[in-house]
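Listed below are the residues making up each chain.
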Amino acid sequence: MSATAQAYLARSIELATANVLNNGGPFGAVVVTADGQAFDGVNRVTALNDPTAHAEVTAIRRACSELGTFALTGAILYSSCEPCPMCLASALWARVARVVFAADRHDAASAGFDDAVFYEFFENDQRDALMPVGKLELHDPQAPAVLEPFTTWNALDSRIDY
């Protein structure tokens, strides 16, 4: 790993530590774009009462907002801790090229942040015990067709594919 990568990873740890002293969770992240621009993010879940305000997500949101794009193609996400499945999915949606982290999920669990159940949700055939997820067929003839949003999207000449 390059000295620059080491510096960004160290920055994510510094952000996480400072955030603890600012009523936030112990997580920090830095998105570095392909052209070298850096955008910080910290965990603000409890400060904002927003369960999606993880450090990685806030860094991705900041980068996208300031750059005026939803695609961070070629970017690297540096995180003080192994990203949870939501953060990994966010990085995938943002087209981040690589994720680098310091502490892992087991380190987080030892501090009381046990995300193991979330990782297991996607790997477990018995996941409905945690949170049932399923398709419901609409039988009401007045209900909209389930594919209507997609057919409308595909017919729209002004759509922006992502």
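The name that an unreviewed UniProt entry assigns to the chain is Nucleoside deaminase, with the source organism given as Arthrobacter humicola.

A separate point is the UniProt feature "domain: CMP/dCMP-type deaminase" (unreviewed entry) in the chain. UniProt's entry tags residues 3-113 with the feature "domain: CMP/dCMP-type deaminase" (unreviewed entry), counted in the numbering of this structure. For the annotated span residues 3-113, helix accounts for 45% and strand for 20% of the residues, and the straight-line distance between the end C-alpha atoms is 29 Å.

Counted under the stated rule, the structure contains five salt bridges. Residues Asp 50 and Arg 61 are paired through a salt bridge, measuring 3.8 Å at the closest nitrogen-oxygen approach. Placement of the pair is Asp 50 in the loop between helix 2 (45-48) and helix 3 (55-67) and Arg 61 in helix 3, with a sequence separation of eleven residues. With a shortest N-O distance of 3.0 Å, Arg 105 and Glu 82 are connected by a salt bridge. With Arg 105 in helix 5 (residues 105-110) and Glu 82 in the loop between strand 3 (76-81) and helix 4 (85-93), this residue pair connects regions lying 23 residues apart in the sequence.

Taking burial as the measure, the six residues of strand 3 include five buried ones, the bulk of the element. Bridge count for strand 1 (residues 28-32) against strand 3 is four bridges, and the pairing is antiparallel. When the bridges of strand 3 are listed, Val 32 appears paired with Ile 76. In terms of strand pairing, strand 3 meets strand 4 (residues 98-103) through five bridges, oriented parallel. Residue pairing for strand 4: Ile 76 is matched across the bridge by Arg 98. Between the parallel pair strand 3 and strand 4, the chain is carried across by helix 4, and the sense of this crossover is right-handed.

All right, on to the pairing of strand 2 (residues 38-42) then. Pairing of strand 1 with strand 2, which is carried by five bridges, proceeds in the antiparallel orientation. The partner of Val 32 across the bridge, within strand 2, is Ala 38.

Glancing now at the sheet that holds strand 3. The strand order across the open sheet formed by four strands is 2-1-3-4, and the pairing between neighbours is mixed. Two strands lie at the open edges of the sheet, namely strand 2 and strand 4, each paired on one side alone. Here the average twist between neighbouring strands, direction ignored, is 15°. Across the sheet, helix 1 (residues 3-20) is in contact with strand 1, strand 2, strand 3 and strand 4; its angle to strand 1 comes to roughly 145°. Along the sheet, helix 3 contacts strand 1, strand 2 and strand 3; its crossing angle with strand 2, the most-contacted strand, is approximately 140°.

Among the nonpolar cores identified, the biggest contains 17 residues, and Val 31, Ile 60, Leu 72, Leu 77 and Val 96 are the most heavily contacted of them. The set of elements that each furnish at least two residues to this core consists of strand 1, helix 3 and strand 3. Residue contributions to this core peak at five residues, all from helix 3. For Val 31, the contacting residues outside a window of four places in its chain are Gln 37, Ala 38, Phe 39, Ala 59, Ile 60, Ala 63, Leu 72, Ala 75, Ile 76 and Leu 77.

This part is about helix 1. With 18 residues, helix 1 should cover 26 Å at 1.5 Å per step; its first-to-last C-alpha distance of 26 Å lies within 8% of that length. Buried positions along helix 1 lie against strand 1, strand 2, strand 3 and strand 4.

This next bit is on the packing of helix 3 against helix 4. Interhelical geometry of helix 3 versus helix 4 gives an angle of 20° and a closest axis separation of 8 Å. Taken as axis vectors, helix 3 and helix 4 run roughly parallel relative to one another. Note on packing geometry: the crossing formed by helix 3 with helix 4 is left-handed. Of the residues in helix 4, those in contact with Glu 56, Val 57 and Ile 60 of helix 3 are Met 86, Cys 87, Ser 90 and Ala 91. When its residues are assigned to classes, the contact of helix 3 with helix 4 shows five nonpolar, one polar and one charged.

Rules behind the numbers
- Residues numbered from 1 in each chain as written.
- Predicted model: local features only at pLDDT ≥ 70, side-chain atom pairs only at ≥ 80, totals over all residues.
- Heavy atoms only, no water.
- UniProt positions renumbered as here; feature names shortened; annotations may be inferred.
- Helix = DSSP H or I, 4+ residues; strand = E, 2+ residues; numbered from the N terminus.
- Salt bridge = Lys/Arg side-chain N within 4 Å of Asp/Glu carboxyl O.
- Buried < 20%, exposed > 50% of the residue type's maximum accessible area, 1.4 Å probe, protein only.
- Pairing = 2+ DSSP bridges.
- Right-handed = clockwise from strand over helix to strand, strands pointing away.
- Axes fitted to C-alpha atoms, helices over the stretch in contact; angles between N-to-C directions.
- Contact = heavy atoms within 4.5 Å.
- Core = buried A, V, L, I, M, F, W, Y, C linked by side-chain atoms within 4.5 Å.
- Expected span 1.5 Å × (residues − 1).
- Parallel < 35°, antiparallel > 145°, perpendicular 65-115°, else oblique.
- Left-handed = near helix turned anticlockwise from the far one by under 90°.
- Nonpolar A, V, L, I, M, F, W, Y, C, P; charged D, E, K, R; others polar.

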